[in-house]
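Now for the letters of each chain:
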Amino acid sequence: MGRNIEDDRVVFFDVDDTLLDTSAFAQTARKAAIELMVDNGLPLDKDEAYGVLKTIIREKGSNYGRHFNVLTQVVLGHEDPMLVALGMITYHNVKMALLRPFAETIDTLIYLKSQGYRLAVISNGITIKQWEKLVRLNVYSFFDEVITSEEVGKKKPDRLIYDVALRKMKGDPEKSVMIGNKFREDALGAVNAGMSAILVNSDVTEDDREYIKKEQLDITVIENIGDVNTIL
């Protein structure tokens, strides 16, 4: 059986703040974790402790797995396993309780599949964490591949991560699209790899919009993910 003519059309998605609202739930989950740690003996007030945690996250990066270990080390001079466990478990429980796709995410994924597109993820993140989100959102079956910076060794907007993704999916860049929320990483990265891009939930500036127009870049800015159905 030969390949369908549409098989080389791929829609790549970013995950965080594209398929789901990550920023809001991460902050809520971290604050809940800090509150419990302070209530159980971390000798700072909650705002101070949260400030220290934010500094650690900024220095170590959000994908670092031992933020709470470092927090107790900084505050107490040594790791406190009980407090670390309280922080980690509270953070994950709250995060997972709040994990929801945007209202129109699933309808959009169904629509794209019905139009013959194949779907994959390109993410600056850890592979297992991104699959975990897709599984918990119950949208994992829509996606053929998750390509991450952990796996490739380069982050968006580096062209390599896009080239690897296109190769893995056997996608034609001229028929493939990247959907994400970051102008530089998602949109410019994709365009530089020969693809088109759609920006959603983005803090794209007027300067960015002018640059898109001036350079005639194949980048469309939309308000929410449901608007993808009007473009593709």
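So, here's what we can say about the structure. (Residues numbered from 1 in each chain as written. Predicted model: local features only at pLDDT ≥ 70, side-chain atom pairs only at ≥ 80, totals over all residues. Heavy atoms only, no water.)

## Some words on the packing of aromatic side chains
Here is step 1 of the chain: Scanning the entire structure with this criterion turns up two aromatic pairs.
Here is step 2 of the chain: Centroid distance F13 to F143: 6.0 Å. Interplanar angle 85°. Geometry classified as edge-to-face. Taken together, the residues span a long stretch of sequence, with F13 in strand β1 (residues 10-13) and F143 in strand β3 (residues 143-148) at a distance of 130 residues.
Here is step 3 of the chain: The residue whose ring lies beneath R9 is Y117, and the NZ or CZ to ring-centre distance is 4.0 Å.
Here is step 4 of the chain: Here the guanidinium or amino end of K60 rests over the ring plane of Y64, the centre of that ring lying 5.3 Å away. (Phe/Tyr/Trp six-rings, centres within 6.5 Å; stacked < 30°, edge-to-face > 60°. Helix = DSSP H or I, 4+ residues; strand = E, 2+ residues; numbered from the N terminus. Lys NZ or Arg CZ within 6 Å of the ring centre and 35° of its normal.)

## As for the pattern of salt bridges
Here is step 1 of the chain: In total, this model carries 13 salt bridges according to the counting rule given.
Here is step 2 of the chain: Among the salt bridges present, the one from D14 reaches K156, with a minimum N-O distance of 3.0 Å. Here K156 lies in the loop between α7 (149-152) and α8 (159-169) and D14 lies in the loop between β1 and α1 (22-39), a separation of 142 residues in the sequence. K156 shares its class with D14; the two are buried. (Salt bridge = Lys/Arg side-chain N within 4 Å of Asp/Glu carboxyl O. Buried < 20%, exposed > 50% of the residue type's maximum accessible area, 1.4 Å probe, protein only.)

## Quick look at the pairing of strand β5 (residues 196-200)
Here is step 1 of the chain: The element β5 is largely enclosed, with a buried count of five among its five residues.
Here is step 2 of the chain: Residue alternation in β5 divides its side chains into two sets, S196, I198 and V200 and A197 and L199, and both sets are buried.
Here is step 3 of the chain: Looking at chain direction, strand β4 (residues 177-180) and β5 are connected through four bridges and run parallel. Note that in β5 the partner of M178 across the bridge is A197. (Pairing = 2+ DSSP bridges.)

## Points about the packing of helix α3 (residues 67-76) against helix α4 (residues 81-98)
Here is step 1 of the chain: In contact at an axis separation of 9 Å, α3 and α4 are set at 140° when each is read in the N-to-C sense. As the angle between them shows, α3 and α4 are arranged oblique. For the element pair α3 and α4, the recorded crossing hand is right-handed. The segment α3 lies against α4, with F68, N69, T72 and L76 engaging L83, V84, G87, M88 and Y91.
Here is step 2 of the chain: Among the residues forming the contact of α3 with α4, the class breakdown is six nonpolar, three polar and no charged. (Axes fitted to C-alpha atoms, helices over the stretch in contact; angles between N-to-C directions. Parallel < 35°, antiparallel > 145°, perpendicular 65-115°, else oblique. Left-handed = near helix turned anticlockwise from the far one by under 90°. Contact = heavy atoms within 4.5 Å. Nonpolar A, V, L, I, M, F, W, Y, C, P; charged D, E, K, R; others polar.)

Worth remembering: the numbers are spatial, not functional.
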